[in-house]
2 protein chains.
Amino acid sequence: MNFSVLILGSSAAIPTGERNPTSQLVKYHNQSFLIDCGEGTQMQIRKYAAKMGGIQHIFISHLHGDHYFGLIGLLSSFHLLGRDKALWIYGPAPLKEIIDVQLRASNTVLRFPLHFVETRTDTFHLLFEHERIRVFSFPLRHSLPVTGFLFREKPGKRKIIKERIEGLNIPPAYFRRIIEGEDFTDEQGKIYRNDYLTYPPPPPRSYAYCSDTAYDERIIPFIKGVDLLYHEATFGADMQEVARERLHSTTRDAASIAKKAEVKSLIIGHFSPRYEDVRGLVKEASEIFPYVQAVADGDVYFIG
Amino acid sequence: MNFSVLILGSSAAIPTGERNPTSQLVKYHNQSFLIDCGEGTQMQIRKYAAKMGGIQHIFISHLHGDHYFGLIGLLSSFHLLGRDKALWIYGPAPLKEIIDVQLRASNTVLRFPLHFVETRTDTFHLLFEHERIRVFSFPLRHSLPVTGFLFREKPGKRKIIKERIEGLNIPPAYFRRIIEGEDFTDEQGKIYRNDYLTYPPPPPRSYAYCSDTAYDERIIPFIKGVDLLYHEATFGADMQEVARERLHSTTRDAASIAKKAEVKSLIIGHFSPRYEDVRGLVKEASEIFPYVQAVADGDVYFIG
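All values derive from a computational prediction rather than experimental measurement. (Residues numbered from 1 in each chain as written. Chains lettered and ligands numbered in written order. Predicted model: local features only at pLDDT ≥ 70, side-chain atom pairs only at ≥ 80, totals over all residues.)

Let us now look at the environment of G91 of chain A. All names here are of chain A. By secondary structure assignment, the location of G91 is in strand β5 (residues 87-91). Taking the number of C-beta atoms within 10 Å as the measure of exposure, G91 has 26 and is therefore buried. For the pair G91 and N2, spaced 89 residues apart in sequence, the C-alpha to C-alpha distance is 26 Å. If we ignore the near neighbours within four places in the chain, the residues touching G91 are I60 and T119. (Helix = DSSP H or I, 4+ residues; strand = E, 2+ residues; numbered from the N terminus. Buried ≥ 20, exposed ≤ 12 C-beta atoms within 10 Å, placed from the backbone. Contact = placed C-beta atoms within 7 Å.)

Written out as structure tokens, the structure is:
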């Protein structure tokens, strides 16, 4: 089951020639989830050959423009391209009025159902789930209400070991119970333990996205042990005071959170335009947490 | 005095890999005027090395998103880059609320004075003037209220012919009256006619921008004889019925307006994404009006 993140934008508040404002496309099997949608996101989706029509859920972390100014253009293009599939947007309450006022100004009645779900910034909260994955939001600490997002697979089913069920005459209807963990008792009353008959499922994979935030250890329980953590690192360690003041993070902040949360890998982004070469930022972070990379527009990270 | 137009975006409603949504930067001497501001305009300004800070006046033709979705991002970047110079925005009334609702959502109080001027769609109207140039709006015909814009130089001063004033003992204070067209009478009562003493000023130059519009001969008086006319040509001549229905123009419509208005040159744009190669569109238009070119992002046209 493919589980990946495509980086569509990685700049801080002001786009540069190389980096668009923040947006990421999470793919899970045949579902696409968009996280944040800075100006130009629809062009980036086209540039990196992702499928716009596949997006059914859009998660907006907060209402600084570099995280959502591209949303109305994307909705408008969906409309003009004749989309009829429903779309869900999850974000802070004022986003709904921002969308509505712009649709009204052009007398646009969208051709597709648009469902708006207000995010909560007080607690860890389930936003969405389907058969195989759940998406949660959790509060971050910034100058506006901001949420991070956690994508976590549900525990999978156990897998039957073919060689071990041969000759046991298990009724096919029973298979479902075995992959859910039950033992099997044959007609002679012999018990076959489930862990003899099956392999355990692969461990559930997870991706956590920490948008604009100051260093905040309170998020650690929410992102504990994830396979991949994105954490903003707007500034290098030398700018720690500026980072504190603006409620952003440094490379060392991001790496410390990754280390304390015992994540498997860390990606950092949202770089201030002062850093043309970000290799120094990666080096700083790697001194605290070694499994770290700097994102660039167009990068794809596979999870698990 | 430099007078030029830089094409920042030339697509119709949906951006393509090659064309951004509509925007143009008019430069007149040391002033920059932005016309329309589709999504990604700030990135295009950077890409084509134009100076963002030089823009003091922004003219928005109408509130279809491909003509203004980039405005809020541009304002936001002005703010973040520490702009303090005042900015004037001219556009339909609802644009003010669209800007305000987004500034409120991020608790942003702009660092620079922003003046909003509502455009009128009932008549030819002076929007702005300075020492050397005037900008007018005029109504177009579309599914929303739309204005075109006319940039017209004021008539220049006459230029004194040095050889002819030698020995006439003209008091320096009198020079201003001569370049404004007065004759000169010397102490003996001899009259020197102004057209003997001076060259006429160069003819005033002009640029007209006709944003989204159906074919409409009522605009001809407003754009009569301009040096350069931009007129949308969303469709080829074979799509005339679709153009009529959607209140857009075809290549032949644009060329007919150019011909009837006796403009010097025509540029066409706002091409439907169905036209990857626009040479056929230019050929169609040129059969009616020969001095025509198709715009592409990054093109610069010098006026006069």
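From this point, the discussion proceeds with the structure in view.
Quick look at helix α9 (residues 251-260) of chain A now. Residue and element names in this part refer to chain A. Taking burial as the measure, the ten residues of α9 include seven buried ones, the bulk of the element. Buried residues in α9 make contact with α7 (220-223), β15 (228-232), β16 (265-269), α10 (279-286) and β17 (292-294). Downstream of α9 by a residue or two, E262 has a phi angle that is positive, lying close to 50 degrees.

Residues and elements named next belong to chain B. Ordered in space as β6-β5-β4-β3-β2-β1-β18, the seven strands form an open sheet in which the pairing is mixed. Lying at the two open borders of the sheet, with one neighbouring strand each, are β6 (114-118) and β18 (300-302). Sheet twist, expressed as the average angle between the axes of neighbouring strands with direction ignored, equals 20 degrees. Where strand β1 (residues 3-9) and strand β2 (residues 23-28) come together, six bridges link them in antiparallel fashion. Across the sheet, residue F3 finds its bridge partner in β2, namely Y28. (Pairing = 2+ DSSP bridges. Axes fitted to C-alpha atoms, helices over the stretch in contact; angles between N-to-C directions.)

If you look at the interface, chain A gives 30 residues, while chain B gives 30 residues. Going through the elements one at a time, α1 (41-47), α2 (71-80) and α3 (94-105) of chain A are the ones with two or more residues in the side of chain A that touches chain B. Per-class residue counts for the side of chain A that touches chain B are 14 nonpolar, twelve polar and four charged. (Nonpolar A, V, L, I, M, F, W, Y, C, P; charged D, E, K, R; others polar.)

Our next topic: the environment of Y90 of chain B. Residue and element names in this part refer to chain B. Structurally, the position occupied by Y90 is in strand β5 (residues 87-91). The exposure class of Y90 is buried, given the 23 C-beta atoms found within 10 Å. The contact partners of Y90, leaving out residues within four places of it in the chain, are F59, I60, V117, T119 and L127.

L229, L266 and I268 of chain A together with L229, L266 and I268 of chain B are the most contacted members of the largest nonpolar core, which has 140 residues in total. Leave out the neighbours within four places in its chain, and L229 of chain B touches A208, C210, I223, A258, A261, V263 and L266 of chain B. (Core = buried A, V, L, I, M, F, W, Y, C linked by C-beta atoms within 7 Å.)

Looking now at the sheet that holds strand β1 (residues 3-9) of chain A. Residues and elements named next belong to chain A. The seven strands are arranged β6-β5-β4-β3-β2-β1-β18 in an open sheet whose pairing can be described as mixed. Only two strands of the sheet have a single partner each, and these edge strands are β6 (114-118) and β18 (300-302). Shown here is a sheet whose adjacent strand axes are inclined to one another by a mean of 20 degrees, direction ignored.

Further remarks concern the domain arrangement of chain A. Per the domain assignment, the segments making up chain A are domain 1 (3-156 + 202-302) and domain 2 (159-199). For domain 1 of chain A and domain 2 of chain A, the distance between their C-alpha centroids amounts to 43 Å. (Domains from an automatic or database assignment.)

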